[in-house]
Every structure is written in structure tokens, then in C-alpha cells.
Amino acid sequence: WSYIIYFGTRQRHMDDTVRTCKKPTPDEANEAMEDSTEQSAIFTKEEAEQYDRQIRLWGVEAQKKLRSSAVLVVGLTGLSAELIKNIVLAGIKSLTLMDHRHGDENTVRTIQGASFLLLPSERNKDTPIVQSARSRIQILNPNVKVNVNYEDVDKKSDEFFTTFNVICASCSSTSTMIRLNELCRRNGIKFYCGDVWGYYGYFFVDLNRHSYVVEEERSKSTSIDIEDPSRKKRKVQNKEKEKIIISKEMDFCSLQEALQVKWDGLSARQLRRTPPTYFIIRTLQKFHDKYGHPPLPSRREEDIKELKLLLEVVIEDLAVPNQLVTDEFTNFCTSELSPVCAIVGGIYAQEVIKVSLHRIYDHKFV
């Protein structure tokens, strides 16, 4: 079984605005098609052909918004590789991949899910893994500018990060993720972080205050006069569907606020409704904070023992009952699994794209 927990949190909806979209007349439809043809001229021939299906799905303006997105991905992992693949194919403006690690044997083992971005001939201890991955990423979409950075994220100044619209962190310590999250909140940047360990994976979302739209269909009844065979006029209800566009704003909490939630005040019923995966994720992240890497297949026995000890620490720190989660998970989290990376990464990328389009943002759990 693959457990996926999605940490997207929200506090409230605000400022709902409703707009009605009526069915266009034939003349209005023709004018819209002409406008669409003119707007499509902003894309090159190659872009228009590559993004044709997407433009038909969400329109030229939405594709323009997506194409203006500059995304920074911190840490190359199986999860971030799936994220990169999907957002690059969708057609963002630029992608910057940051990771200071080199392609030695131990590093490659920790990112097995990203193997499709790393050619075997380019995996060596003298080559940064982001350099090896760059050419493979560029092949996915030549219209996206792909940059790489070999520096340690913790040594970069705050100014470096302010040039991006979206920042996604993976394979990072809790302190690094909190620092990036707070920086994003100060500068109006969308923040994501996530990881996958074996059967377990998550991603967290903080969009600060996010504006988006929701489309709904509602029935509209109108009365019309018709003349029946007896030449008597009578009214008939004509039900038409109209599309309602609702503009909304949503406030998100920060990663630090989410991690500081008090568990000792929850009732037994509330605790039972909490997936045990949450505490497993906290344990796995604590392992990464302590050792700087995820549990490794080459150190399976030692890492399993350490995970069991860290689970006890997490349960004690959060003041939750011991029976809430068992240590069986330690047998299924010592390597990346490509199918899990693909599932979590697909949902992850979908949320990043929706936010870039300023379209529907809803909370779906898998």
C-alpha cells in the first residue's frame, strides 16, 4: 500500500465574488475565435504546436500565465524529478534546479526514483548531479529555459530566491524548509516542500494569501410564450445552464505553524481521525535532520533501529498515545519507489500548475 499525505492547510475563504458567464451568440463566438487567433500570435510556431491541446483546454491567457512562471526546485530526488517532468512539459518560463551533491555511489542510491534524469555514463563523483540531469530535462521541452546551480541552498543569500514565482524544496532539513517558507511569505512567493520515502510521501503547500477562481454550473429558468394548436398562448419554462465564476481568496498557514500544532489537547476521537502516516512522516523527517540523508538500503538494519528510537521521540514530543502508530513502517521506507514518486509527483505538479494558472484551488486527498 502507498500512503500519501497532503499537508495543504487553509484557514478561511475570503472575498467571494460571483461573475456569470452567459452562452455566447454566434457573432460573439466568432469574435472570440478571432481574438484567440490574434493572441496565439504571441507564441512561436513551435510553441503553438506543442501547447495546442493545453491552449484548447484552458485558453491562451492561462498558458501565458503559466509561461511567465519561474520555478526553483531545491534538491534532486525521485519526487522532484516527477515534478520537474510535469511542469516543464506544461510549459513554464524557466526552471532552476539547485543541488550541491555530486554523482557518487551513495548519492545515486538515495535518488533512485530520479534515475530517468541521470544517464549511467554521467554518474560519477566528479560531476554535480544537476549538471547530469540538465540535458535530459531540456530534451523534455526546448522552449523552457533550464538553469542549474551547484551551491548549497543554506549558503545562498535571500536575494537569490526573490527572483522566482514558485519555490519547491525536497531532500532538505526542517530548518532549511522553514527558512525558505518564511522568505517566501515575506516576498509573495508560492512555497512547496515534499519528500518520498519508500511507501510514504507528502508535500506541503503554503500560498500565503492566494487568489483563485472556481467555475460552477447553475440552472437558470426563463419563461417564454408559445402558441399551441388550439391557438392559445401559454408560458413554458425554459431551463438553461449558465456558468458561474466565483473569485475567492484563501489564507494558508506557514510550515512552522503547522509543525507547532499542539496534539495533547485533542480528543481520542480526533486522534483516531488523524492518519498514522503523519507521525511516520515526522519521524522520517527527523531522521533526515539528524543524518542529512534518508534511510539507506545499504544501512538498512542500522537505520531501522534508529527510526524506531526516533519514533519514540516523536510520540513523546507530540504527546500522543503510543498505540497510535506502530514501528512496522520501518520495513518499507529505506529506498525511493518510482511508482510512489510518480503518484505523489503527479499530484504535486498538478497543484503547482493550477496555482500558476490562478485557476481552481481545492483540497483533494489521496
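First things first, this report covers the structure right here in the doc. Values in this document were obtained by computation on a predicted structure and should not be read as measured data. (Residues numbered from 1 in each chain as written. Predicted model: local features only at pLDDT ≥ 70, side-chain atom pairs only at ≥ 80, totals over all residues. Heavy atoms only, no water.)

## Some remarks on the pattern of salt bridges
Turning to step 1, where the next piece is worked out: Counted according to the given criterion, the structure contains 13 salt bridges.
Turning to step 2, where the next piece is worked out: A salt bridge links Arg186 to Asp158, with the nearest nitrogen and oxygen atoms 3.6 Å apart. On the criterion of sequence distance, the pair formed by Arg186 in helix α9 (residues 174–187) and Asp158 in helix α8 (residues 158–161) is long-range, its members being 28 residues apart.
Turning to step 3, where the next piece is worked out: Three or more residues are tied together by salt bridges with common partners; here these are Asp158, Arg179 and Arg186. (Salt bridge = Lys/Arg side-chain N within 4 Å of Asp/Glu carboxyl O. Helix = DSSP H or I, 4+ residues; strand = E, 2+ residues; numbered from the N terminus.)

## Structural notes on the pairing of strand β3 (residues 70–74)
Looking down a regular strand, the side chains alternate between one sheet face and the other.
Turning to step 1, where the next piece is worked out: Most of β3 is tucked away: five of the five residues are buried.
Turning to step 2, where the next piece is worked out: Here β3 shows no split at all, with Ala70, Leu72 and Val74 on one side and Val71 and Val73 on the other all buried.
Turning to step 3, where the next piece is worked out: With five bridges joining them, β3 and strand β4 (residues 94–98) adopt parallel strand pairing. By the bridge assignment for β4, Val73 is matched with Leu97.
Turning to step 4, where the next piece is worked out: With helix α5 (residues 78–90) bridging β3 and its parallel neighbour β4, the resulting β-α-β unit is right-handed.
Turning to step 5, where the next piece is worked out: Looking at chain direction, β3 and strand β6 (residues 166–169) are connected through four bridges and run parallel. Counted as the bridge partner of Val71 is Val166 from β6. (Buried < 20%, exposed > 50% of the residue type's maximum accessible area, 1.4 Å probe, protein only. Pairing = 2+ DSSP bridges. Right-handed = clockwise from strand over helix to strand, strands pointing away.)

## Quick notes on helix α13 (residues 300–318)
Turning to step 1, where the next piece is worked out: Helix length check: α13, at 19 residues, gives a terminal C-alpha distance of 26 Å against a target of 27 Å (1.5 Å per residue), a fit within 8%.
Turning to step 2, where the next piece is worked out: The set of residues buried in α13 consists of Asp303, Ile304, Glu306, Leu307, Leu310, Leu311, Val314, Ile315 and Leu318.
Turning to step 3, where the next piece is worked out: For α13, the elements touching its buried residues are α12 (277–291).
Turning to step 4, where the next piece is worked out: Once α13 finishes, Ala319 follows within two positions and takes phi at roughly 55°, a positive value. (Expected span 1.5 Å × (residues − 1). Contact = heavy atoms within 4.5 Å.)

## Here we look at the packing of aromatic side chains
Turning to step 1, where the next piece is worked out: Going through the model one piece at a time under the given rule, you end up with 11 aromatic pairs.
Turning to step 2, where the next piece is worked out: With centroids separated by 6.3 Å and ring planes inclined at 90°, the aromatic side chains of Tyr200 and Phe329 adopt a geometry described as edge-to-face. Of this pair, Tyr200 sits in strand β8 (residues 200–206) while Phe329 sits in the loop between α13 and α14 (338–357), placing them 129 residues apart in sequence. For the pair Tyr200 and Phe329, one class covers both residues: buried.
Turning to step 3, where the next piece is worked out: Here the aromatic cluster, defined as three or more aromatic residues joined through ring pairs, consists of Phe160, Phe161 and Phe164.
Turning to step 4, where the next piece is worked out: The ring of Phe116 carries Lys85 above its face, with NZ or CZ at 6.0 Å from the centroid.
Turning to step 5, where the next piece is worked out: When the ring centre of Phe160 is taken as origin, the NZ or CZ atom of Lys156, which lies over that ring, is 4.3 Å away. (Phe/Tyr/Trp six-rings, centres within 6.5 Å; stacked < 30°, edge-to-face > 60°. Lys NZ or Arg CZ within 6 Å of the ring centre and 35° of its normal.)

## As for the packing of α12 against α13
Turning to step 1, where the next piece is worked out: Interhelical geometry of α12 versus α13 gives an angle of 115° and a closest axis separation of 9 Å. Of the two elements, α12 crosses α13, and the hand of that crossing is right-handed. Of α13, the residues touching α12 (which contributes Tyr278, Phe279, Arg282, Thr283, Leu284, Lys286, Phe287, Lys290 and Tyr291) are Asp303, Glu306, Leu307, Leu310, Leu311, Val313, Val314, Asp317 and Leu318.
Turning to step 2, where the next piece is worked out: Across the contact of α12 with α13, the residue classes tally to 11 nonpolar, one polar and six charged. (Axes fitted to C-alpha atoms, helices over the stretch in contact; angles between N-to-C directions. Left-handed = near helix turned anticlockwise from the far one by under 90°. Nonpolar A, V, L, I, M, F, W, Y, C, P; charged D, E, K, R; others polar.)

## Here we look at the nonpolar core
Turning to step 1, where the next piece is worked out: Ranked by size, the top nonpolar core spans 52 residues in total, and within it Leu76, Ile87, Leu95, Ile137, Cys168 and Tyr192 carry the most contacts.
Turning to step 2, where the next piece is worked out: Looking at which element gives the most residues to this core, the answer is α14, with 10 residues.
Turning to step 3, where the next piece is worked out: One finds Phe191, Cys193, Ala258 and Leu324 within the second-largest nonpolar core, a separate group that totals 44 residues. (Core = buried A, V, L, I, M, F, W, Y, C linked by side-chain atoms within 4.5 Å.)

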